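Topology and contacts: notes
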Protein chains: 2
Amino acid sequence: MVNKSKDRSTEERILAAAEKIFLKEGMAGARMQDIADEAGINKAMLHYYFRSKDKLFEKIFSGLSRSFFPKLILIFESDEGLFTKIQMFVTEYINQMKQTPYLPIFVLNEVNRQPEIFIKKMMGNRRPPVNKFFMSIEAEVKKGIIKPVNPAQLLLNILSLCIFPFVARPMFEIVAGIDKKMFDTILEQRKKEVPKFIIDAIKK
Amino acid sequence: MVNKSKDRSTEERILAAAEKIFLKEGMAGARMQDIADEAGINKAMLHYYFRSKDKLFEKIFSGLSRSFFPKLILIFESDEGLFTKIQMFVTEYINQMKQTPYLPIFVLNEVNRQPEIFIKKMMGNRRPPVNKFFMSIEAEVKKGIIKPVNPAQLLLNILSLCIFPFVARPMFEIVAGIDKKMFDTILEQRKKEVPKFIIDAIKK
DNA sequence: GTCTATAACTCGATAGAC
DNA sequence: GTCTATCGAGTTATAGAC
């Protein structure tokens, strides 16, 4: 390690740069030259540290996936009541994605292009992580707290309402004729509005 | 035109092939060779007819956008009541996208990457197409039929619930542990479930 | 209009000096 | 570890015969 004192190491700077470029451009669109420029070094160094573009991408992708999904899944697996879970999930998701707004479309894209790889990386040997959530929904139905709902539909609705705004942000700003600041306000409101919307839709 | 009788013209076959490949792979991922193979001709013809990959992509992209958005926007602009509009939009959207399931993620991606181009191509000089829809929502609020809602939030919710399932299909199948046939069933159910969900959420 | 051949270029990857 | 220079594969694009 030649790096003097306070500077981030070259490796760290490469990882940060690669994450930024890959998130924005996707695997196919990203250029090693762009990553090198962003990191303030040259292409040769990328290969010195990570051998190939594939390997570098793989590192970034699994890092992002791992830092992101588990925390959210935990909420669904928790022992809170359904309404609390929904409130927690929505708030947590919006807060997280405000930090990394390109992440949702990036993940969806790469999963679309290579579902098999995603299965291996993300799921490993685990069973689908939503079983417990489905059961808790059915329990609340039996208790008479919410209407009879298909748990898969409800999960899909929750995910749609949380994730889609980040995926569709540029399109929506254009179609609805609003600017970035207004959209930020809308996102902030959604922390309260979306749980309210969902609960109104399913409560008896 | 050398083409004999019944066969589609070369130009048409190129356009159909390009649409298919671009939809699946995106601009960065698509190869001219793949398009040529799909069309059953060689690469040179692509350039003979459309000069460059950029120009061909541009043609496909604006064609897809134009054939797609306006029909849906029309529903929002119609004179039906709000609940009817929602029911029509959801059904129409799901029917359409079952034909072209790759379209939503394709459009969202390319709009994300080049918002300016999308603005020019799609919007031209028109004003945002949702003003009338927003006003009709506010009218229904005044009439006391629905709760007070932010129209932008409601539109975003409707779009989320319709579009997201197509964008997230592979991911959801994995996370929820379901197969393609089950997902098709879910989509079919959504034609009724989503309007019910929305209306339950906003009606007084 | 259509094809083959190939030029021109982009980009990931490597060699080798320091 | 870092750089410059360059290679080689893969792609877009063009030339030219038919």
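Structure's up top.
Summarised in this report is the structure supplied together with it.

**Regarding the relation of the copies chain B and chain A**
In screw terms, the move from chain B to chain A is a rotation of 179° and a rise of 0.0 Å along the axis, fitting with an RMSD of 0.3 Å. On this basis, the relationship between the two copies can be described by a two-fold rotation axis. Closest approach to the rotation axis within chain B is made by the C-alpha atom of B:Ala201, at a distance of 2.1 Å. Most of the interface of chain B is mirrored in chain A, where 100% of its interface residues are also at the interface.

**Examining the packing of aromatic side chains**
Tallied over the full model, the rule gives 23 aromatic pairs over all chains. A connected cluster of aromatic rings, assembled from ring pairs, spans A:Phe76, A:Phe89, A:Tyr93, A:Phe133 and A:Phe166.

**Structural notes on the interface of chain B and chain A**
The interface of chain B with chain A comprises 51 residues on the first partner and 51 residues on the second. Here chain B packs against chain A, burying approximately 4800 Å² in sum over the two surfaces, 72% of which is carbon and sulfur. Of all residues in chain B, B:Phe164, B:Ile174 and B:Phe197 give up the largest surface area on contact with chain A, accounting jointly for 15% of the area buried on that side. Scanning the region where chain B abuts chain A turns up two salt bridges. When the shortest N-O distance is used, the salt bridge between B:Asp200 and A:Lys147 registers 2.6 Å. Run the count over chain B and chain A and you get 17 residue pairs in polar contact (both at pLDDT 80 or more). Elements with a minimum of two residues in the side of chain B that touches chain A: α1 (10-29), α6 (103-113), α7 (115-123), α9 (151-167), α10 (169-176) and α11 (180-202) of chain B. The leading source of residues in the side of chain B that touches chain A is α9(B), at 13 residues. Split by residue class, the side of chain B that touches chain A holds 35 nonpolar, ten polar and six charged.

Analysis parameters
- Residues numbered from 1 in each chain as written.
- Chains lettered and ligands numbered in written order.
- Predicted model: local features only at pLDDT ≥ 70, side-chain atom pairs only at ≥ 80, totals over all residues.
- Heavy atoms only, no water.
- Least-squares fit on C-alpha atoms with pLDDT ≥ 70 in both.
- Contact = heavy atoms within 4.5 Å.
- Phe/Tyr/Trp six-rings, centres within 6.5 Å; stacked < 30°, edge-to-face > 60°.
- Buried area = accessible area lost by both parts, 1.4 Å probe.
- Salt bridge = Lys/Arg side-chain N within 4 Å of Asp/Glu carboxyl O.
- Polar contact = N/O pair within 3.5 Å; in protein donor to acceptor, adjacent residues only side chain to side chain.
- Helix = DSSP H or I, 4+ residues; strand = E, 2+ residues; numbered from the N terminus.
- Nonpolar A, V, L, I, M, F, W, Y, C, P; charged D, E, K, R; others polar.

Geometry only, nothing functional implied.
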